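This is what each chain is made of:
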Amino acid sequence: MKALNNIFARASENPKKIVLAEGEDPRIITAAVQCVAKGLAEITLLGEPQRIALQAKKLNLTLHNITIIDPQNSPEKKRYTEQLFQLRKAKGMSQQQACELTDEPLYYAQLMVHLGDADGSVAGAVYTTGDTVRTALQIIGKAESTKIVSSFFLMMMCQPFHDVQGGIIFSDCALVIDPDAEQLAEIALSAAKSAVTLLQESPRIAMLSFSTNGSAKHPAVDKVIAATALVKQAQPDLIIDGEVQLDAAIVPEIAAKKVANSQVKGRANVLIFPSLEAGNIGYKLAERIGKAQAIGPILQGLKKPANDLSRGCSASDVLNVIAITVVQAQ
């Protein structure tokens with residue numbers, strides 16, 4: 001757990017303001033209390049204060065040093081409504097619609113981040129990924145340095161039986177369904193930045209395929225080859241192999257046999273999947289059969305951090321994502 005422990009240590013050294021949109025959910029409340037106790041972040045819970053207090057009482061938790069805001073009764077509601085209207089009026093949003101949406105905790109949370117009242121947001125324990133990503137794109141927007149917002153899972157391989165040890169970035173496993181070559185290259189470039197931010201390691205990227213070094217011919221292989229070339233063109237110093245099969249990406253002995261002049265040499269810490277289908281299946285196989293710990297999905301390519309959760313998440317999962325959000329915000 002060295003990589004995850006490092007993330008927690010870095011978060012506690014420079015805590016940031018994180019807003020949790022689903023403040024009435026018991027998992028969110030539990031993670032918020034744990035987060036404040038560990039000194040990882042300043043937490044704001046959104047929701048109806050009495051419901052939050054009742055849930056906390058049921059959990060036998062005390063909400064010390066946690067801010068609770070009811071969006072419908074917030075003194076900032078007018079300011080936030082005007083900001084949302086200005087952001088979305090060109091898309092046909094009316095003042096009345098902006099007022100109604102500002103009552104929604106998810107919209108309120110992203111407006112807090114956009115306006116600098118929070119440094120990052122976490123949602124998705126109740127809201128769908130589609131809702132979480134859509135509001136983040138509409139309100140926070142893409143970073144100027146990227147063309148596409150994508151996602152990754154931080155997969156922790158820390159069990160004694162794991163041949164590969166430490167953290168590995170899996171991307172994209174939750175958002176971009178069928179990226180073309182240019183989009184796939186953007187996903188790889190964003191994931192490389194995520195590896196530097198979270199793993200504090202030089203990224204070693206494997207552009208995954210069912211082909212290694214020209215062993216198969218197919219348009220799907222051509223896409224990965226083209227994406228690899230675009231990544232090299234954009235950042236010639238990046239360590240990258242492509243196209244490669246998974247075994248050649250993570251097993252040095254197989255890389256030595258299959259990939260002439262390999263840069264990664266079978267030690268990839270960033271795995272780029274050719275489609276969402278492959279990525280989603282891949283991370284779930286690693287999690288469920290390989291017993292890796294999956295943290296995410298984490299969004300990359302936004303102006304400011306706004307991260308997603310699985311609706312099946314635990315309080316521990318929420319805490320991990322909060323810590324990652326803090327480090328992204330730093």
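Everything quoted here is computed from the prediction, not taken from an experiment. Residue numbers here run from 1 along each chain, matching the order of that chain's written sequence. Per-residue local features are limited, in this predicted model, to residues with pLDDT of at least 70; the limit for side-chain atom pairs, both in listing and counting, is 80 or more; totals at the level of whole chains, interfaces and linings are taken over all residues. Calculation of side-chain values draws on the structure's entire complement of heavy atoms; hydrogens and water are dropped beforehand.

A.B. asks: Would you take a moment to explain the nonpolar core for this structure?
C.D. replies: For soluble globular proteins, the rule of thumb is that nonpolar side chains tend to be buried together. Residues Leu20, Ile43, Leu45, Met207, Ile272 and Ile322 are the most contacted members of the largest nonpolar core, which totals 61 residues. In this text, helices come from DSSP runs of H or I with a minimum length of four residues, and strands from runs of E with a minimum of two, each type numbered from the N-terminal end. Element by element, the count of residues in this core is highest for helix H8 (residues 181-199), at eleven residues. Those residues within four positions of Met207 in sequence are excluded, and the remaining contacts are Leu184, Ala188, Val224, Ala227, Thr228, Ile240, Asp241, Gly242, Glu243, Val244 and Ile272. One finds Met93, Tyr108, Leu111 and Met112 within the second-largest nonpolar core, a separate group that totals 27 residues. For our purposes a nonpolar core is just a set of buried Ala, Val, Leu, Ile, Met, Phe, Trp, Tyr and Cys residues, chained together by side-chain atoms within 4.5 Å. With a 1.4 Å probe rolled over the protein chains alone, any residue whose accessible area is under 20% of its type maximum counts as buried; one over 50% counts as exposed, and the rest are partly exposed. Contacts are residue-level and defined by heavy atoms, with any inter-residue pair within 4.5 Å sufficient.

A.B. asks: Explain the pattern of salt bridges to me, please; I cannot follow it from the model alone.
C.D. replies: Proximity of charged atoms lets side chains of opposite charge pair with each other. One speaks of a salt bridge when a side-chain nitrogen belonging to Lys or Arg is within 4 Å of a carboxyl oxygen belonging to Asp or Glu. One pass over the structure, following the stated rule, counts eleven salt bridges. The residue Arg134 makes a salt bridge to Asp131 at a minimum N-O spacing of 2.7 Å. Taken as a pair, Arg134 and Asp131 lie in helix H7 (residues 129-139) at a separation of three residues, close to a single helical turn. Note that Lys223 is salt-bridged to Asp178, the shortest N-O span being 3.5 Å. Residue Lys223 is located in helix H9 (residues 219-234), and its partner Asp178 is located in the loop between strand S6 (166-171) and H8; the two are separated by 45 residues in the primary sequence. Taking the relative accessible area as the measure of exposure, Lys223 reaches 16% and is therefore buried. Through salt bridges that share partners, Glu76, Arg79 and Asp117 make up one connected network.

A.B. asks: How do you make sense of the sheet that holds strand S11 (residues 306-308) when you look at a structure like this?
C.D. replies: Two modes of strand pairing occur in sheets, parallel and antiparallel, and in both the strands are linked by backbone hydrogen bonds. Strand pairing requires that DSSP identify at least two bridges connecting the strands. Read across the sheet, five strands follow the order S3-S2-S1-S4-S11 without closing on themselves; strand pairing throughout is parallel. Where the open sheet ends on each side, the last strands, each with one partner, are strand S3 (67-69) and S11. In this sheet, adjacent strand axes meet at a mean angle of 25 degrees when their direction is disregarded. Judged from the three bridges that link them, strand S1 (residues 16-20) and strand S4 (residues 120-123) form a sheet pairing that is parallel. Looking at S4, one finds that Leu20 is bridged to Val122. Packing against the sheet, helix H2 (residues 26-38) makes contact with S1 and strand S2 (41-46), and its axis sits at approximately 155 degrees to S2. Sheet strands in contact with helix H13 (residues 315-329) are S1, S2, S4 and S11, and its direction is about 135 degrees off that of S1. Here an axis means a line fitted to C-alpha atoms, over the contact stretch when the element is a helix, while the angle between two N-to-C directions is reported on a 0 to 180 degree scale.

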